[in-house]
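# Architecture at a glance
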Amino acid sequence: MVTREDYFDDILAFRDKQIIKVLTGLRRCGKSFLMEQIISKYLEDGISQNQIIYYRLDDIENENLLDYKTLYETIKSRLDSDKMNYVFLDEIQFCHGFQKAVDSLYNKKNVDIYLTGSNSDLLSSEIATLLSGRYVTIDMQPFSFSEYLTGREENNLPTTDLEQCYSDYVRYGGLPFTVQLKNDERNINQYLNGVYNTILLKDISTRHQINDISNLEAIIRFMFANTANICTSKRISDTLTSGGRKVSQPTVENYMHYLEECFMVYKVVRYDIKGKEYLKTLCKYYIADTGLRNMLLGYRNIDAGHILETLVFLELKRRKYQIYTGKLGDLEIDFIAKTPRTVTYIQVSESVRDFATLERELKPFGKLKDSYPCILITMDKTLNEDFEGVRHINALDFLTEKATGAL
């Protein structure tokens, strides 16, 4: 029952405004529940039940509404001509041609529209063309670490040992229902396996007519194992081919795109700081949920540094930063986090107690020619707070939003 306040506030800011609210994100990250919370809020505010129209389009009971004309006519027949009508359509991508129905509803002055979807095809060129300038997108993610701690409290799980909580968060991920399973590893893995197979079969294989999913699964495993690393279609193709699995580079590119579509992974583009240009090659990829990764690959031999970098990326994304990987000659800066007014350079390392590691992490900062803030995020607790102008932040302070200053 954790209230996702940031997403809640983002949506309420557009209430009664003639703009379509589109809530996207990984399956089971909480979109449907958030939609139900919004409906409850509106009812509490005095809006009558008759003014609220809600359909979940992945429910077999609403299968007849998967035709856009039927969907439109059904909703139209329920509209109150004298009042504002609030239309909530969950998993809208299952309705073929839904854009046409939504466009017609949008043209009515007394209809406020809310959509959710688990596939970024929701924002394909078709919807962008037909509904251009008429919608706002809110990208929802699994629980942040702060939300996860709240969920633990509500489910009577201890939160005093923050490092143990972090370990559990890394192991089981942030999909909201996993918290209710109270660290029961068998049940959590069974649940996550169900989520994974639904994405694999319903969101990818069926949608893109993939008959042999073994290659797709091999690519998913590769990308999950290489979160926070540079991944190229050629590298993946060569690796799978050398293992006896012939997969062409164009096929790998398509499958990588499908994983982005269903929000299983996020791509981060590189930015050449010296040349001041965005680079199209050697992008990094970050998984959306560590629990899915561990369910698929196991928890042993996990790269704690790359997992921490992944969680920092996801937190920056929640905080609405534009995020890039920085290239500075032969050196790399993990993140360039931008807002319309600020730029922050960030390095992430599990620990820099070893002097050689500290020197390696600080070196790119010394090559920068501007004066934007530089931050080093680690799990270390007792290091100096400042290294010649580079600010050190403990990762748990950052993830629980206790760190103040540039971030």
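On a predicted model such as this, the values are computed, not experimentally measured, just so you know. Every chain begins its residue count from 1, and numbering advances along the sequence as written. pLDDT decides what is reported in this predicted model: residues at 70 or higher carry local features, side-chain atom pairs at 80 or more are listed and counted, and totals for whole chains, interfaces and linings draw on all residues regardless. With hydrogens and water stripped out, all remaining heavy atoms of the structure feed into the side-chain values.

### Some words on unusual backbone geometry
The phi dihedral of Arg28 falls on the positive side, at around 65°, and the residue is not glycine. Backbone geometry places Gln209, a non-glycine residue, at a positive phi of 55°. For helices the rule is a DSSP run of H or I covering at least 4 residues; for strands it is a run of E covering at least 2, with both sets numbered from the N terminus onward. Note on placement: Gln209 falls in the loop between α9 (185-205) and α10 (214-225).

### A word on helix α13 (residues 290-297)
Residue pairs three or four apart in sequence face the same way in an α-helix, which turns once every 3.6 residues. In terms of burial, α13 is largely enclosed, as seven of its eight residues are buried. Inspection of α13 places Thr290, Gly291, Leu292, Arg293, Asn294, Met295 and Leu296 among the buried residues, and these make up the whole buried set. The contact definition used throughout considers only heavy atoms, calling two residues in contact when any of these lie within 4.5 Å. Buried residues along α13 sit in contact with α7 (162-172), α9, α10, β8 (277-287) and α14 (304-318). Between N or O atoms, a polar contact is any pair within 3.5 Å; within protein, one atom must be a potential hydrogen donor and the other a potential acceptor, and residues adjacent in sequence are included only when both atoms are from side chains. Its side-chain oxygen at 3.1 Å from the backbone nitrogen of Gly291, Asp289 defines the N-terminal cap of α13. For the exposure calls, accessible area comes from a 1.4 Å probe over protein chains only, and a residue counts as buried if that area is under 20% of its type's maximum, exposed if over 50%, partly exposed in between.

### A few points about the packing of aromatic side chains
Two rings belonging to Phe, Tyr or Trp (six-membered ring only in the last case) form a pair when the distance between their centres is within 6.5 Å. Interplanar angles under 30 degrees mark stacking, angles over 60 mark edge-to-face geometry, and anything in between is tilted. By the definition in use, this model includes 17 aromatic pairs. Here Tyr286 and Phe313 contribute two aromatic rings whose centre-to-centre distance is 4.6 Å and whose plane-to-plane angle is 15°, an arrangement assigned as stacked. Here Tyr286 is found in strand β8, whereas its partner Phe313 is found in helix α14, with 27 residues between them in sequence. Judged by relative accessible area, Tyr286 falls into the buried class, the value being 0%. The class for Phe313 is buried, based on a relative accessible area of 3%.

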